Amino acid sequence: MSESIILGIESSCDDTSAAIIRGNTILSNIAANQAIHKEYGGVVPELASRAHQQNIIPVVEKSLTQANIQQNAISAIGFTRGPGLLGSLLVGTSFAKSLAMSLDVPLIEVNHLQAHILAHFIDDANPMPPKFPFLCLTVSGGHTMIVLVKDYFDMEIIGKTTDDAAGEAFDKIGKIFDLDYPAGPIIDKLAKEGNPNAFAFNKPKLENYNYSFSGIKTSVLYFIQKEVKKKPDFIKENLNDLCASVQKSIIEILMNKLEKAAKELNIKEVAIAGGVSANSALRKVMQDNHERLGWNIYIPKFEYTTDNAAMIAMVAQLKFERGEFTDLRTSATSKYDL
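Rules of the game
Residues numbered from 1 in each chain as written. Predicted model: local features only at pLDDT ≥ 70, side-chain atom pairs only at ≥ 80, totals over all residues. Heavy atoms only, no water. Pairing = 2+ DSSP bridges. Helix = DSSP H or I, 4+ residues; strand = E, 2+ residues; numbered from the N terminus. Buried < 20%, exposed > 50% of the residue type's maximum accessible area, 1.4 Å probe, protein only. UniProt positions renumbered as here; feature names shortened; annotations may be inferred. Contact = heavy atoms within 4.5 Å. Polar contact = N/O pair within 3.5 Å; in protein donor to acceptor, adjacent residues only side chain to side chain. Axes fitted to C-alpha atoms, helices over the stretch in contact; angles between N-to-C directions.

Asker: I would appreciate a short explanation of the pairing of strand 3 (residues 25–32) in the present structure.
Answerer: For a regular strand, the rule is simple: side chains alternate between the two faces of the sheet. Direction of pairing for strand 2 (residues 16–22) relative to strand 3: antiparallel, over a ladder of 7 bridges. Among the inter-strand pairings, Arg22 is bridged to a residue of strand 3, identified as Thr25. Hairpin connection between strand 2 and strand 3: a loop of 2 residues separates the two successive antiparallel strands, and Gly23 in this loop has a positive phi of roughly 65°.

Below, the structure written as structure tokens:
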């Protein structure tokens, strides 16, 4: 029997993406980014959904061309049902339903957060996929959580942020520093030239495995306001050190809870996923913990960290094998639990 070929579609936020997967192998993974949001310092939902409408057909066509696949070879269509921006999700959901109906192929709904975690099972995501059970620190602009992954579709959130996500904290602090949006990658780059021990910021004291990032944002804001009063060029003169210190603080917050969970649950299989898992300092700390704590670590390829359709196609492939299809009455949802 020939392997199934699945088209994955991702439109949860401001990236329109389409991918083709055969088995666990990605044949194409195309994304169109929306630069317009930089002008506003964050994603504008109305503009995002309009851009998805313009991008979705060219992106899908390009994914088929690059994979050298004809439409009639598609076995099923997987799409992001949620969570995310409702207007953006509606574009991807409507397109997936229409195309599935016209090709007379099954439709498969995918949870965006599950997809970030299960991206680790794409053939070229890691040298080896994680073994169950494993812990996955899923960290992005919209979500920060520690997930206990017992099986492909048996996941439990054991800790999550009570306010801002880590990626959101990077972006909001970047705004204080007058950096462009998204600020996370800029902070990562500038931090390489700075001293991570130059400044200290408040860290939350939460019970269990939960996170909070609003406190560090406020701590940075008050510190900057105080220093700029004394010296108006303070940010400009100390930008690299500020970025390095902020990055160190956020990563320490993330890793302290992850280490606590791994120790208390006696789990050595530890993964990271989501947009912030592209951060070079976070990746380095994970490598260090392989040595220091004996963790087997799983860090996905950069292209599978941000919002991408390859991870959607991977989940769709796993559901296809199980015969888990959805019907045309399905609808997009901004909230979608694991």
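Asker: It is not clear to me how the environment of Ser98 should be interpreted in this structure. Could you clarify?
Answerer: Within the secondary structure, Ser98 sits in helix 2 (residues 86–103). According to the relative accessible area criterion, Ser98 is partly exposed, its value standing at 44%. Residues Ser98 and Leu328 lie 230 residues apart in sequence; the distance between their C-alpha atoms is 8.8 Å.

Asker: Looking at this structure, how should I read the UniProt feature "binding site: Fe cation" (unreviewed entry) in the chain?
Answerer: UniProt annotation of "binding site: Fe cation" (unreviewed entry) refers to His112, His116 and Asp307 when read in the numbering used here. Maximum C-alpha separation among the annotated residues is 8.5 Å over a sequence range of 196 residues, consistent with a single clustered spot. Positionally, His112 belongs in helix 3 (residues 112–118). If near-sequence neighbours (up to four positions away) are discounted, His112 is found in contact with Glu10, Ser12, Thr80, Gly82, Pro83, Asp307 and Met311. At 3.4 Å, the side chain of His112 forms a polar contact with the side chain of Ser12. Relative to the helices and strands, Asp307 is located in the loop between strand 10 (296–298) and helix 9 (309–322). The class for Asp307 is buried, based on a relative accessible area of 19%. Contact partners of Asp307, with chain neighbours within four places excluded, come to Glu10, Ser12, Cys13, Asp15, His112 and His116. A polar side-chain atom of Asp307 sits 3.1 Å from a polar atom in the side chain of His112.

Asker: Help me understand the sheet that holds strand 8 (residues 154–160) in this model?
Answerer: Paired through their backbone hydrogen bonds, the strands of a sheet run either parallel or antiparallel. Spatially, 5 strands are ordered 8-7-6-9-10 in an open sheet, and the strand pairing comes out mixed. Of all the strands in the sheet, just strand 8 and strand 10 have a single pairing partner and so form its edges. Averaged over neighbouring strand pairs, the angle between their axes works out to 25° when direction is ignored. Alignment of strand 6 (residues 134–139) against strand 9 (residues 269–273), held across 4 bridges, turns out to be parallel. Looking at the pairing, Leu137 lines up with Ile272 of strand 9. The strands touched by helix 8 (residues 280–293) are strand 6, strand 9 and strand 10; relative to strand 9, the strand with the most contacts, the crossing angle is about 175°.

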